[in-house]
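Below, each chain spelled out in residue letters.
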Amino acid sequence: MSRERATVGQRQRRVEIVKFVDTKNVLNEDVRAEESMGFFYSKMEDLSGSMTDEGKVIHIINRTYAIPYQKEIKADGEQMVLIDTQENEEYAIYYVKEVGRKEQLILNCKKRE
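Parameters and conventions
- Per chain, the residues get numbers from 1 upward, laid out in the order the sequence is written.
- Totals for whole chains, interfaces and linings use every residue, but because this is a predicted model, local features are given only for residues with pLDDT of at least 70 and side-chain atom pairs only at 80 or more, for both listing and counting.
- Hydrogen atoms and water are omitted, and side-chain values are computed over all heavy atoms in the structure.
- Only runs of H or I of at least four residues qualify as helices and only runs of E of at least two qualify as strands under DSSP, and these elements are numbered from the N terminus.
- In this analysis, two residues are considered to be in contact whenever any of their non-hydrogen atoms come within 4.5 Å of each other.
- Centres within 6.5 Å are what make two rings of Phe, Tyr or Trp a pair, Trp counting through its six-membered ring; a difference in plane orientation under 30 degrees is then read as stacked, over 60 as edge-to-face, and the rest as tilted.
- Relative accessibility under 20% of the residue-type maximum defines a buried residue, over 50% an exposed one, and the middle range a partly exposed one, all with a 1.4 Å probe and only protein chains included.
- For a Lys NZ or an Arg CZ to count as sitting over a ring, it must be within 6 Å of the ring centre and within 35 degrees of the ring normal.
- Any Lys or Arg side-chain nitrogen located within 4 Å of an Asp or Glu carboxyl oxygen qualifies as a salt bridge.
- When DSSP finds two or more bridges between a pair of strands, those strands are recorded as paired.

A few points about the side chain of Ser 42
So, step 1. Position of Ser 42 among the secondary structure elements: in strand β2 (residues 30–46).
So, step 2. Excluding its chain neighbours within four sequence positions, the residues that come into contact with Ser 42 are Gln 10, Arg 11, Gln 12, Arg 13, Val 15, Tyr 65, Ala 66 and Ile 67.

Structure, rendered in structure tokens:
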């Protein structure tokens with residue numbers, strides 16, 4: 001993603017950030033539940049490509065999303081999932097970078113097909 005900060009007018013893609021938490025159900029069993037961290041408008045940049053692995057073509061989807069700064073996402077973003085609401089696709093967040101001083105976050109996401 002470019003070094004420029006994403007302005008409000010450039011954030012046109014709506015995304016949801018989801019965190020997974022361990023809870024107990026009524027039978028006192030451990031259950032993994034989703035907790036929404038919120039919906040945000042973001043600037044998306046697609047860095048996708050493909051490669052071959054032992055004769056198989058693997059399509060790798062890498063994207064970066066710029067969202068407003070959120071303290072919880074900065075701290076634990078690598079354990080969260082980003083859902084692109086336009087495409088209804090889930091992406092694993094593997095790196096969170098702060099831009100400026102508490103101005104915005106760049107989320108590097110990956111999905112393999």
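So, the packing of aromatic side chains
So, step 1. Summed over all chains, the structure comprises 1 aromatic pair.
So, step 2. With centroids separated by 6.3 Å and ring planes inclined at 50°, the aromatic side chains of Tyr 65 and Tyr 91 adopt a geometry described as tilted. Remark: Tyr 91 occurs in strand β6 (residues 89–99) and Tyr 65 occurs in strand β4 (residues 56–68); sequence separation between them is 26 residues.
So, step 3. Here Tyr 65 falls in the buried class, since its relative accessible area comes to 0%.
So, step 4. Lying across the ring of Tyr 94, Lys 110 places its NZ or CZ 5.6 Å from the centre.

Some words on the pattern of salt bridges
So, step 1. For the structure shown, the criterion picks out 8 salt bridges.
So, step 2. The partner of Asp 46 in a salt bridge is Arg 63, and the shortest N-O contact between them spans 3.8 Å. Note that Asp 46 is positioned in strand β2 and Arg 63 in strand β4, a separation of 17 residues in sequence.
So, step 3. Arg 63 serves as the salt-bridge partner of Asp 84, at 3.4 Å between the closest nitrogen and oxygen. Placement of Asp 84 in strand β5 (residues 80–84) and of Arg 63 in strand β4 is noted, with a sequence separation of 21 residues between them.
So, step 4. Exposure remark for Asp 84: the relative accessible area of 0% places this residue in the buried category.
So, step 5. Salt bridges here are not isolated pairs; linked through shared partners, they connect Arg 13, Asp 46, Arg 63, Asp 84 and Glu 87.

Focus on the pairing of β5
So, step 1. Across the 5 residues that make up β5, a large majority, 5, are buried.
So, step 2. The alternating pattern of β5 places Met 80, Leu 82 and Asp 84 and Val 81 and Ile 83 on opposite faces, both of which are buried.
So, step 3. Here 5 bridges tie strand β1 (residues 13–24) to β5, and the two strands are oriented antiparallel to one another. The residue bridging Lys 19 from the neighbouring strand is Met 80, located in β5.
So, step 4. Pairing of β5 with β6 involves 4 bridges; the strand directions are antiparallel. The residue of β6 that forms the bridge with Leu 82 is Tyr 91.
So, step 5. Hairpin remark: β5 followed by β6, antiparallel, with 4 residues in the connecting loop; positive phi at Asn 88, about 55°.

Some thoughts on the environment of Arg 101
So, step 1. Checked against the element boundaries, Arg 101 lands in the loop between β6 and β7 (104–112).
So, step 2. Judged by its relative accessible area of 70%, Arg 101 is exposed.
So, step 3. With 32 residues separating them in the primary sequence, Arg 101 and Tyr 69 have C-alpha atoms 9.0 Å apart.

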